[in-house]
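The primary structure of each chain is shown beneath.
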Amino acid sequence: MNSQLSALAAISVAIFIAPVQIAAQTPSSKGSPVAKGAPVAKSSTWTPPRLPDGRPDLGGYWSNNTVAPLERPQALAGREFLTDEEAKDLEKNSHERTKASDFQAKQRPDEVGDYNAAFKEDTRWALANHRTSIITDPKDGRMPPLTPEARKKFDADQLYHKQHPHDGPEDMTTIERCITWITSGPPMLPTFYNNNYQIVQTHDYVMILTEMIHDVRIIPLDGSPHEDIRQWVGDSRGHWEGDTLVVETINFNGKRGWFGTPMTEGGGGKRPDAKMRVIERFRRTAPDILLYQFTIDDPGVYTKPWSGEIPMRMSKDPVYEYACHEGNYAMVDILSGARSEEQEAAEAAKAK
């Protein structure tokens, strides 16, 4: 416990005193100039800024906001990369769809409504490397098949959730309950808004603050072993391989949603990820790009490991507080509505 408190204290001080390296460039709709199909590679004339200990400085504000899907669409089967023109069209269409969501209140005035353009990312970028999906391996850009046991559990979870969506708070997703979001990671995957992170780095720790749910991961770099405590975002340990920060995370609690379901981690059910191991790699490849790569190895769920990458873009804006628990009246309303519907159904049955 003392070591954890010391880590928190060190990170808290670092947030206020550590200089944040922010390049003059701000994100643009064109992204970093890369050739079609080329990986985001660091320039031969550019070297990453470094901390006094000589390690690359990953600190600052970053965003993994992208219009690219986790899995490659069937319409782009066999295509790993977009052309420059296709990437521009993808961004334009995404912007138009976001703008169109502002008209929901006029088109369907009797409905409760949903997030409009004021909440959603105004513009969603194509990946800077123009990939057609976040997943890079398997080569088809799709998650590998579930094992027979996992498929059976997944189907049962979906059926149960359909029949019992709101029996109690435990039946709701961790997103609805303000516990974790898909952006929390690992792996850290984008959603439709607030895809922002702050990284604070010292010699012994790296802190990653996620805007959504304001989750914080404090990652020791001192070679200490994993703690045998199962957590929502697992237990992370990091080390350096050259200029790349490598983070291994294990000891997940098995209570989060399945990858690939609505909102990526919704749809009900709890993925059996107690044996899941995630390897993340962070590397500065340009003044405004932090290349984020991950591999998921979960033999109890998938028939083989799968990997992905997102060139995260530097942001000129800080991360703002996301007060989810503090204002989560919707969950109370959802559960209250479900109880009301049950009462109405019971009264209707008696009247027959």
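Residues numbered from 1 in each chain as written. Predicted model: local features only at pLDDT ≥ 70, side-chain atom pairs only at ≥ 80, totals over all residues. Heavy atoms only, no water.

## A word on the state of the cysteines
The full count for this structure, using the stated rule, is one disulfide. Two residues, Cys-178 and Cys-324, share a disulfide whose sulfurs are 1.8 Å apart. Between Cys-178 and Cys-324, the S-S torsion sits near -65 degrees, and that sign places the bridge as left-handed. On the criterion of sequence distance, the pair formed by Cys-178 in the loop between α4 (148–163) and β3 (196–201) and Cys-324 in the loop between β10 (306–314) and α5 (329–351) is long-range, its members being 146 residues apart. Take Cys-178 and Cys-324: they sit in the same class, and that class is buried. (Disulfide = S-S within 2.5 Å. Helix = DSSP H or I, 4+ residues; strand = E, 2+ residues; numbered from the N terminus. Buried < 20%, exposed > 50% of the residue type's maximum accessible area, 1.4 Å probe, protein only.)

## Some words on helix α2 (residues 84–100)
If you check α2, its first and last C-alpha atoms are 25 Å apart, about what 17 residues at 1.5 Å a residue would give, namely 24 Å. For α2, every residue scored as buried is listed here: Ala-87, Glu-91, Ser-94 and Thr-98. For α2, the arc enclosing every buried residue in end-on projection is 60 degrees, short of the 170-degree limit, so these residues lie on one face. For α2, the exposed residues set more than 90 degrees away from the buried face come down to Lys-92 and Arg-97. (Expected span 1.5 Å × (residues − 1). Arc of directions from axis to C-beta.)

## Observations regarding empty space enclosed by the protein
Summed over all chains, the structure comprises two cavities of 30 Å³ or more. Each pocket or cavity is described by its volume, and for the largest cavity that value is around 60 Å³. Forming the walls of the largest cavity are eleven residues, and the residues nearest its centre are Met-172, Thr-173, Thr-174, Gly-269 and Lys-270. Residue composition of the lining of the largest cavity, grouped by class: one nonpolar, five polar and five charged. When its volume is computed, the second largest cavity comes out at roughly 40 Å³. Lining the second largest cavity are Ser-63, Asn-64, Asn-65, Thr-66, Trp-125, Ala-126, Leu-127, Ala-128, Ile-310, Pro-311 and Arg-313. (1 Å grid on protein atoms, 1.4 Å probe; cavity = no way out; pocket = protein on both sides within 12 Å on 5 of 7 lines; lining within 4 Å. Points joined across faces, edges and corners; volume = space filled by probe spheres on them. Nonpolar A, V, L, I, M, F, W, Y, C, P; charged D, E, K, R; others polar.)

## Some remarks on the packing of aromatic side chains
Any aromatic ring pair is given by two values, namely how distant the centres are and how the planes are angled relative to each other. For the structure shown, the criterion picks out nine aromatic pairs. Centre to centre, the rings of Tyr-302 and Trp-306 are 5.8 Å apart; their planes meet at 75 degrees, and the pair counts as edge-to-face. Of the two residues, Tyr-302 and Trp-306, neither departs from the other in class, the shared state being buried. Within the aromatic cluster, the residues linked to one another by ring pairs are Phe-259, Phe-282, Tyr-292, Phe-294, Tyr-302 and Trp-306. Sitting over the face of the ring of Phe-259, Arg-271 holds its NZ or CZ atom 4.0 Å from the ring centroid. (Phe/Tyr/Trp six-rings, centres within 6.5 Å; stacked < 30°, edge-to-face > 60°. Lys NZ or Arg CZ within 6 Å of the ring centre and 35° of its normal.)

## As for the pattern of salt bridges
This model, assessed by the stated rule, comprises 14 salt bridges. Residue Glu-86 pairs with Arg-79 through a salt bridge whose shortest N-O separation is 2.7 Å. A relative accessible area of 28% means that Arg-79 is categorised as partly exposed. When the shortest N-O distance is used, the salt bridge between Asp-273 and Arg-271 registers 3.0 Å. The buried category is assigned to Asp-273, whose relative accessible area is 0%. In the salt-bridge network here, residues are joined through shared partners; they are Glu-80, Arg-131 and Glu-309. (Salt bridge = Lys/Arg side-chain N within 4 Å of Asp/Glu carboxyl O.)

## What about the nonpolar core?
Counting 47 residues, the largest nonpolar core has Trp-181, Ile-208, Leu-245, Phe-259, Phe-282, Trp-306 and Met-312 as its most contacted members. Listing elements by their share of this core, those giving two or more residues are α4, β3, β4 (205–210), β7 (244–250), β8 (277–286), β9 (289–297) and β10. Residues Tyr-61, Val-200, Leu-209 and Val-319 belong to the second largest nonpolar core, which totals five residues. (Core = buried A, V, L, I, M, F, W, Y, C linked by side-chain atoms within 4.5 Å.)

## Comments concerning the environment of Gln-293
Of note, Gln-293 is situated in strand β9. Given a relative accessible area of 27%, Gln-293 falls into the partly exposed group. Placed 159 residues apart in sequence, Gln-293 and Ile-134 show a C-alpha to C-alpha distance of 9.5 Å. Those residues within four positions of Gln-293 in sequence are excluded, and the remaining contacts are Ile-279, Glu-280, Arg-281, Gly-308 and Glu-309. (Contact = heavy atoms within 4.5 Å.)

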